[in-house]
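# Structural characterization, general
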Amino acid sequence: DQQVKQNSPSLSVQEGRISILNCDYTNSMFDYFLWYKKYPAEGPTFLISISSIKDKNEDGRFTVFLNKSAKHLSLHIVPSQPGDSAVYFCAASAADSWGKLQFGAGTQVVVTP
Amino acid sequence: DTAVSQTPKYLVTQMGNDKSIKCEQNLGHDTMYWYKQDSKKFLKIMFSYNNKELIINETVPNRFSPKSPDKAHLNLHINSLELGDSAVYFCASSQDRVGGPRPWEKLFFGSGTQLSVL
């Protein structure tokens, strides 16, 4: 049973435009959410996170929005750059889970010139 | 200097063999993990060690045995390999559960080991 779902396996966006990646979760015990970015032949790297006490967190070009009532979060990348082309994983955890993250299947983002 | 390094990067072997994957981190973290990325691309936790103590042991066949000789190393030994074990295995580490908003969930991953069982 997948508790974190990324329903869009891929996304193509033009350089300079906004990329919006979506993520849904089913477990109401999740209270911390993260996005990881992965390039081919590398491990995922942490990008940005948000606690359930917030509805928005911003870090440079990356903003994560959380809608708890809808059990939905999204990652906005503005403006998109060619170096943003990667697979983005959404992850979630519950309190006292000792780093036991639940990951989505990822969204492949391709930024075209 | 690679923060989390795992070897080998590629591992091709026959069914029934026994193999090991090694992982080392130089970040001074207290917690280390093994994650498996299956054919559907989901990353799923297998094991977690905190200061050499096993704290997470998901439903993983007994053929998989992690070993942590010290807090900087976490190795994964797999006995009697099966076709279904083919996957990418990622080692990761994180800070201990002290200070800050959930630092232990900010995982640092190795580059992965592509295991192919023929």
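Every value quoted in this text rests on a predicted model; they were computed, and no experiment measured them.

### Digging into the overall build of chain A
- Scanning chain A from N- to C-terminus turns up zero helices and 11 strands.
- What you see in chain A, going N to C, is helices and strands ordered as β-β-β-β-β-β-β-β-β-β-β.
- Each of the 113 residues in chain A was classed as buried or not, and the buried ones make up 47%.
- Restricting to contacts in chain A with at least 6 residues of sequence separation, those with at least 24 account for 54%.

### Description of the pairing of strand β9 (residues 86-94) of chain A
Residue and element names in this part refer to chain A.
- Burial runs high along β9: nine of the nine residues are buried.
- Residues Ala-86, Tyr-88, Cys-90, Ala-92 and Ala-94 line one face of β9 and the alternating positions Val-87, Phe-89, Ala-91 and Ser-93 line the opposite face, and both faces are buried.
- Two elements, strand β4 (residues 30-38) and β9, share eight bridges in a ladder whose sense is antiparallel. Bridge pairing in β9 places Phe-30 opposite Ala-94.
- By the bridge criterion, three bridges tie β9 to strand β11 (residues 107-112) in an arrangement that is antiparallel. Residue Ala-86 lies in a different strand from β11, and its bridge partner there is Val-109.
- Note: β9 against strand β10 (residues 102-103), two bridges, orientation antiparallel. Following the sheet pairing, Ala-92 is matched in β10 by Gln-102.

### Some points on a nonpolar patch on the surface
- Taken together, Ile18(A), Ile20(A) and Val78(A) make up a surface patch of nonpolar side chains, about 230 Å² in accessible area.
- Among the structural elements, Val78(A) can be located in the loop between β8 (72-77) and β9.

### Description of the pattern of salt bridges
- Per the counting criterion, the structure on display carries six salt bridges over all chains.
- Between Lys37(A) and Asp84(A) there is a salt bridge, with the nearest N and O atoms lying 3.9 Å from each other. Of this pair, Lys37(A) sits in strand β4 while Asp84(A) sits in the loop between β8 and β9; the two residues are 47 residues apart in sequence, bridging distant segments of the chain. In this structure, Lys37(A) and Asp84(A) share a single accessibility class: buried.
- Between Asp30(B) and Lys71(B) there is a salt bridge, with the nearest N and O atoms lying 2.9 Å from each other.

### Structural notes on the sheet that holds strand β7 (residues 64-70) of chain B
Residues and elements named next belong to chain B.
- A sheet is described by the order of its strands in space; here four strands give the open sequence β1-β3-β8-β7, paired in antiparallel fashion. Strands at the two margins of the open sheet, each flanked by one partner only, are β1 (4-7) and β7. With strand direction ignored, the average angle separating the axes of adjacent strands in the sheet is 20°.
- One ladder, built from four bridges, connects strand β3 (residues 19-25) with strand β8 (residues 73-78); its direction is antiparallel. Within β8, the residue paired with Ser-20 across the bridge is His-77.

### Observations regarding the environment of Ile21(B)
All names here are of chain B.
- Considering the arrangement of structural elements, one finds Ile-21 in strand β3.
- For Ile-21, a relative accessible area of 0% corresponds to the buried category.
- Distance in space between the C-alpha atoms of Ile-21 and Tyr-10 is 9.9 Å, their sequence separation being 11 residues.
- For Ile-21, the residues in contact, after removing those within four places along its chain, are Gln-6, Thr-7, Leu-11, Trp-34, Asn-75, Leu-76, Tyr-89 and Thr-113.

### Details of the interface of chain B and chain A
- Listed as interface residues are 26 residues of chain B and, on the opposing side, 25 residues of chain A.
- The contact between chain B and chain A buries some 2100 Å² in all, and 60% of this surface belongs to carbon and sulfur atoms.
- Summed over the shared surface of chain B and chain A, the result is one salt bridge.
- Where Lys100(A) meets Glu58(B), a salt bridge forms, and the shortest distance between an N and an O atom there is 3.0 Å.
- Linking chain B with chain A are five residue pairs in polar contact (both at pLDDT 80 or more).
- Elements represented by at least two residues in the side of chain B that touches chain A include exactly β4 (31-37), β5 (43-50) and β6 (53-57) of chain B.

Procedures and definitions
- Residues numbered from 1 in each chain as written.
- Chains lettered and ligands numbered in written order.
- Predicted model: local features only at pLDDT ≥ 70, side-chain atom pairs only at ≥ 80, totals over all residues.
- Heavy atoms only, no water.
- Helix = DSSP H or I, 4+ residues; strand = E, 2+ residues; numbered from the N terminus.
- Buried < 20%, exposed > 50% of the residue type's maximum accessible area, 1.4 Å probe, protein only.
- Contact = heavy atoms within 4.5 Å.
- Pairing = 2+ DSSP bridges.
- Patch = residues over 30% accessible without salt bridge, like charges linked within 9 Å, V, L, I, M, F, W, Y side chains within 5 Å.
- Areas by Shrake-Rupley, 256 points an atom, 1.4 Å probe, with all protein chains shown as cover.
- Salt bridge = Lys/Arg side-chain N within 4 Å of Asp/Glu carboxyl O.
- Axes fitted to C-alpha atoms, helices over the stretch in contact; angles between N-to-C directions.
- Buried area = accessible area lost by both parts, 1.4 Å probe.
- Polar contact = N/O pair within 3.5 Å; in protein donor to acceptor, adjacent residues only side chain to side chain.

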